[in-house]
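Chain and residue survey
Chain residues, written in single-letter form:
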Amino acid sequence: MKTIVSFILVSFFGIISIIGQSSYEKGMDKAFELWEADQYDQASNLFERIAKAEKDNWLPYFYVAEVNIARSWSEKNEQKLKNQLDKAQEYINFAKTFSENNAELLKLQAELYTVWISFDGMTYGMKYSGKVSELYQKALQLAPKNPRIILAKAQWDMGSAKYFGQPVEPYCKDIERAIELFATFKPQGKYEPTSGEERAKEALKQCKAE
């Protein structure tokens, strides 16, 4: 009798787990669809709801931050930019509590600082440039074969080289390596970040044209 009861309980909780996973996947898929359609507010809000439901899963928090960073690159209104990046920072901080020493989160933090530098280099360049370089260096140490990290660091290094009037050719090799690694790159989970291959190819064209 105990065996039958145990089997029923295991089956029940197994079904509940599957249902929960299905809801998570449906929500994540829908959020990505909204993001792809440039519906940033809706995508961010949905990722946020998923994060609150999942609680200890770093990925929804990561994507709340990434959506708000992505929408900020072309933002000209400083107060709106601050609101978006403050929210991104909040969710990066949340994600770090669930996933320490995460190269993708370090990369995302570097991108947030880079948005500020891009917005106002005179004000934020001295404040954040050193931090960005440190973040990419640490991320690369944690994930030396992650093409997204290699690409992001190479693009940052290229931008710095241009600013100081230095050649960018050395970083073309890094971008080429990233493209090679994208061909075999496999994330650990279904929704872990994978994008960047097309951006790498465009970056290589620009690098070789310099």
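Please read all numbers here as calculations on a predicted model, not as lab measurements. (Residues numbered from 1 in each chain as written. Predicted model: local features only at pLDDT ≥ 70, side-chain atom pairs only at ≥ 80, totals over all residues. Heavy atoms only, no water.)

**Considerations on the nonpolar core**
Quick reminder of the rule: Take the buried residues of types Ala, Val, Leu, Ile, Met, Phe, Trp, Tyr and Cys, join any two whose side-chain atoms come within 4.5 Å, and each joined set is a nonpolar core. Categorising residues by exposure relies on relative accessible area from a 1.4 Å probe, with only protein chains included: less than 20% of the type maximum marks a residue as buried, more than 50% marks it as exposed, and the intermediate range marks it as partly exposed. Starting at the N terminus, helices and strands are each numbered in turn, a helix being any DSSP run of H or I of at least four residues and a strand any DSSP run of E of at least two.
Counting 46 residues, the largest nonpolar core has F47, I69 and L112 as the members making the most contacts within it. Elements with a minimum of two residues in this core: α1 (2–36), α2 (40–54), α3 (58–70), α4 (78–98), α5 (103–119), α6 (121–142) and α7 (147–163). Of the residues forming this core, the biggest block, ten residues, is contributed by α5. In this structure, M158, I175, A203 and L204 belong to the second largest nonpolar core, which totals 16 residues.

**Observations concerning the pattern of salt bridges**
Heads up, the rule is: Salt bridges, as used here, are contacts in which a Lys or Arg side-chain nitrogen is within 4 Å of a carboxyl oxygen on Asp or Glu.
Counting across every chain of the model gives 13 salt bridges. Between R148 and E104 there is a salt bridge; the shortest N-O distance is 2.8 Å. One end of the pair, R148, is in helix α7; the other, E104, is in helix α5, with 44 residues separating them in the sequence. Both residues of the pair, R148 and E104, belong to the buried class. Note that K153 and D157 form a salt bridge whose closest N and O atoms lie 2.9 Å from each other. Linking K153 with D157, this pair stays in helix α7, spanning four residues, or about one helical turn. On the basis of relative accessible area, K153 is assigned to the buried category, the value being 17%. Relative accessible area serves as the criterion here: at 15%, D157 is assigned to the buried category. Linked by salt bridges that have partners in common, E48, K52 and K87 make up one network.

**Considerations on the packing of α5 against α6**
Note the following rule: Each axis is a line fitted through C-alpha atoms, and for a helix only the stretch in contact is used; angles between axes span 0 to 180 degrees, taken between their N-to-C directions. Every angle not falling under 35 degrees, over 145, or within 65 to 115 is termed oblique; those three ranges are roughly parallel, roughly antiparallel and roughly perpendicular. Throughout, a crossing is termed right-handed when the near helix is turned clockwise from the far one, and left-handed when it is turned anticlockwise from it by less than a right angle. Pairs of residues are marked as contacts when any of their non-hydrogen atoms sit within 4.5 Å. When residues are grouped by polarity, Ala, Val, Leu, Ile, Met, Phe, Trp, Tyr, Cys and Pro land in nonpolar, Asp, Glu, Lys and Arg in charged, and all others, Gly among them, in polar.
Where α5 contacts α6, the two axes come as close as 8 Å, and the packing angle between them is 160 degrees. The pairing of α5 with α6 is recorded here as roughly antiparallel in orientation. Judged by the sense of rotation from one axis to the other, the crossing of α5 with α6 is left-handed. Contacts between α5 and α6 pair A103, L106, K107, Q109, A110, E111, Y113, T114, W116, I117 and F119 from the former with G121, Y124, G125, Y128, S129, K131, V132, L135, Y136, K138, A139 and L142 from the latter. When grouped by side-chain class, the residues that make up the contact of α5 with α6 number 14 nonpolar, five polar and four charged.

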